[in-house]
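An overview of the molecular structure
Here is what each chain is made of, one letter per residue.
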Amino acid sequence: MLNLFILGCFLTTFAACDVKVDVHSHYLPDFYAAALRDAGHNPGPDGMPAIPAWDPETHLQFMQDLNITKSYLSISSPGVYISVPSRAATKNATRLARRVNDFASQLKAQYPSEFGFFASLPLPAIEESLQEIEYCFHELDPKPDGVVLMSNSYGMYFGDPNMDPIWEALDALNITIFEHPTGPCTEHNHLKYSNIDGETSTITPEEWRSLNRPVATRQRATPILDFPFDTARTFADLFYSEVPTRFPSLRWIIPHAGGGLLPTLDRIVTFSTLYPGFNMTMSLMMDTLSRSFYFDLAGPWPVDSSIPTLLRWVNHSNILWGSDVPFTAWAAASILAFDTGIEDVFGNSTRSQDVRSNNARRLLQ
């Protein structure tokens, strides 16, 4: 079993460092971990070596040790729809979404200063997800601080026309969407295997990964390479489908300093000129990013190189901090490196503290 906060327990004097707000922080209540195991996500989800141990008390101690004043919790990949789509899988995902959202709301009520959360939706089930949006933002108390969406839902990427009712509902509520990467899916496999109207599916999580990942047997865990590229893929699909323009009240958090997006963003913009009527100019992209998009620094990325790359596209006010606990065994060491790296970039300035905490407070509080 992965140690949830390896190194963190040794850093009890860390409070001398500047305070942080964590926008990329995960929770795995016991019932969710059990659901993953029952669905075949063994030994861990996405080919990870284990399902991390997690409990609120340990998380709070981690925050205290590392001077994190607030953590916004979310369910990580594979989300709450944890089996290949079918009627049975939708039923299970709908129940699991309600249970994790109720759990997080209760945790927020118990620790309102320490915890916020992003609600989970049972996508690709559209009607059930709309019902969960209605419940979370009109009945649940306290309400979520936004929603977390996987980068695709068994091949339903963000630009899919079937997603429009979801965007309409969230746009009407001015919701912040935290995108979290998951394993990729080809259109072929989306059409062939994601039979949401079928009774059941017998494809295991391991078989699903092998269907959709090149050289899956040698690439080890999906998060290493496929996660950052799936973030880039779903981001491009957003813009090709003009979602940010059509739903301007939505705000987006893109994790891991953009993942594989920033090195490819010039290509996304430039190649748009090949298609008549779809000229995505550099200025339009930058204006949209500045208005609606935020990037978290959950690693492992060297801050002194990732921040300058981001600053080519957005202001420092669009950059947030995240730890990615409990999936990152190196979380405490990464925080130490972050505090050194951000001082190298900004010095001891208000911009450093904006990235550490103020930007997140302005966005989410």
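Residues numbered from 1 in each chain as written. Predicted model: local features only at pLDDT ≥ 70, side-chain atom pairs only at ≥ 80, totals over all residues. Heavy atoms only, no water.

Thoughts on the pattern of salt bridges
Enumeration according to the criterion identifies twelve salt bridges in this entry. Of the charged contacts, one joins Lys20 and Asp339 as a salt bridge, the two residues approaching to 2.9 Å between their closest N and O atoms. Placement of Lys20 in strand S1 (residues 20–26) and of Asp339 in helix H13 (residues 331–346) is noted, with a sequence separation of 319 residues between them. Each member of the pair, Lys20 as well as Asp339, carries the same accessibility label: buried. Close ionic contact of Asp164 with Arg246 constitutes a salt bridge, the shortest N to O distance being 3.1 Å. Remark: Arg246 occurs in helix H9 (residues 243–246) and Asp164 occurs in helix H5 (residues 164–172); sequence separation between them is 82 residues. With relative accessibility at 18%, the residue Asp164 sits in the buried group. Of the residues examined, Arg246 reaches a relative accessible area of 37% and is grouped as partly exposed. Via salt bridges that share partners, Asp18, Lys20, Asp339, Glu343 and Arg356 belong to a single interconnected network. (Salt bridge = Lys/Arg side-chain N within 4 Å of Asp/Glu carboxyl O. Helix = DSSP H or I, 4+ residues; strand = E, 2+ residues; numbered from the N terminus. Buried < 20%, exposed > 50% of the residue type's maximum accessible area, 1.4 Å probe, protein only.)

Some thoughts on the UniProt feature "domain: Amidohydrolase-related" (unreviewed entry) in the chain
In the UniProt entry, the feature "domain: Amidohydrolase-related" (unreviewed entry) is given for residues 21–329. Helix makes up 42% of residues 21–329 and strand 14%, whereas the separation of the span's terminal C-alpha atoms amounts to 19 Å. (UniProt positions renumbered as here; feature names shortened; annotations may be inferred.)

As for the nonpolar core
Grouped together as the largest cluster of nonpolar side chains are 85 residues, with contacts concentrated most on Trp167, Trp252 and Leu289. Look past the residues within four positions of Trp252 in its chain and what remains in contact with it is Phe158, Trp167, Ile177, Leu238, Val243, Ser292, Phe293 and Tyr294. One finds Val23, Val148, Phe178 and Leu364 within the second-largest nonpolar core, a separate group that totals 13 residues. (Core = buried A, V, L, I, M, F, W, Y, C linked by side-chain atoms within 4.5 Å. Contact = heavy atoms within 4.5 Å.)

Looking at the sheet that holds strand S9 (residues 293–296)
The sheet built from eight strands is open, its strands ordered S1-S2-S3-S4-S7-S8-S9-S10 with parallel pairing. With one partner strand each, in any of the chains shown, S1 and strand S10 (319–320) form the two edges of the open sheet. Pairing analysis gives three bridges linking strand S3 (residues 115–120) to strand S4 (residues 146–150), with the strands arranged parallel. If you follow Phe118 over to S4, its bridge partner there is Gly146. (Pairing = 2+ DSSP bridges.)

Re the packing of aromatic side chains
Across all of its chains, the model carries 18 aromatic pairs by this definition. Geometrically, the ring pair formed by Tyr27 and Trp54 is edge-to-face, given 6.2 Å between the ring centres and 65 degrees between the ring planes. In this pair, Tyr27 sits in the loop between S1 and helix H1 (30–38) while Trp54 sits in the loop between H1 and helix H2 (56–65), placing the two residues 27 residues apart along the sequence. Look at Trp54 and you get buried, because its relative accessible area is 7%. Grouped by ring-pair contacts, the aromatic residues Phe158, Trp167, Phe235, Phe239, Trp252 and Phe293 constitute a single cluster. Of note, Arg99 hangs over the ring of Phe31, and the distance from its end group to the ring centre comes to 4.1 Å. (Phe/Tyr/Trp six-rings, centres within 6.5 Å; stacked < 30°, edge-to-face > 60°. Lys NZ or Arg CZ within 6 Å of the ring centre and 35° of its normal.)

Details of the pairing of S3
A large share of S3 lies buried, amounting to six of its six residues. Between S3 and its parallel partner S4, the chain crosses via helix H4 (residues 126–138), and the hand of that crossover is right-handed. (Right-handed = clockwise from strand over helix to strand, strands pointing away.)

Looking at the environment of Leu66
Mapped onto the elements of the fold, Leu66 is located in the loop between H2 and strand S2 (68–74). A residue is classified by how much of its surface remains accessible, and Leu66, at 0% relative accessible area, is buried. Residues Leu66 and Val19 lie 47 residues apart in sequence; the distance between their C-alpha atoms is 8.2 Å.

Some words on the side chain of Asp145
Within the secondary structure, Asp145 is located in the loop between H4 and S4. Among the polar contacts listed, one links the side chain of Asp145 to the side chain of Lys108, at a separation of 3.2 Å. Those residues in contact with Asp145, other than ones at most four positions away along the chain, are Tyr72, Lys108, Gly116, Phe117, Phe118, Thr176 and Leu364. (Polar contact = N/O pair within 3.5 Å; in protein donor to acceptor, adjacent residues only side chain to side chain.)

A closer look at the packing of H13 against helix H14 (residues 350–364)
Look at H13 against H14: their axes get within 9 Å of each other, and the N-to-C directions meet at 140 degrees. When the axes of H13 and H14 are compared, the pair comes out oblique. Regarding H13 and H14, the two cross each other, and that crossing is right-handed. Every residue of H14 that contacts H13 at Phe338, Asp339, Ile342, Glu343 and Phe346 is listed here: Arg351, Ser352, Val355 and Arg356. By residue class, the composition of the contact of H13 with H14 is four nonpolar, one polar and four charged. (Axes fitted to C-alpha atoms, helices over the stretch in contact; angles between N-to-C directions. Parallel < 35°, antiparallel > 145°, perpendicular 65-115°, else oblique. Left-handed = near helix turned anticlockwise from the far one by under 90°. Nonpolar A, V, L, I, M, F, W, Y, C, P; charged D, E, K, R; others polar.)

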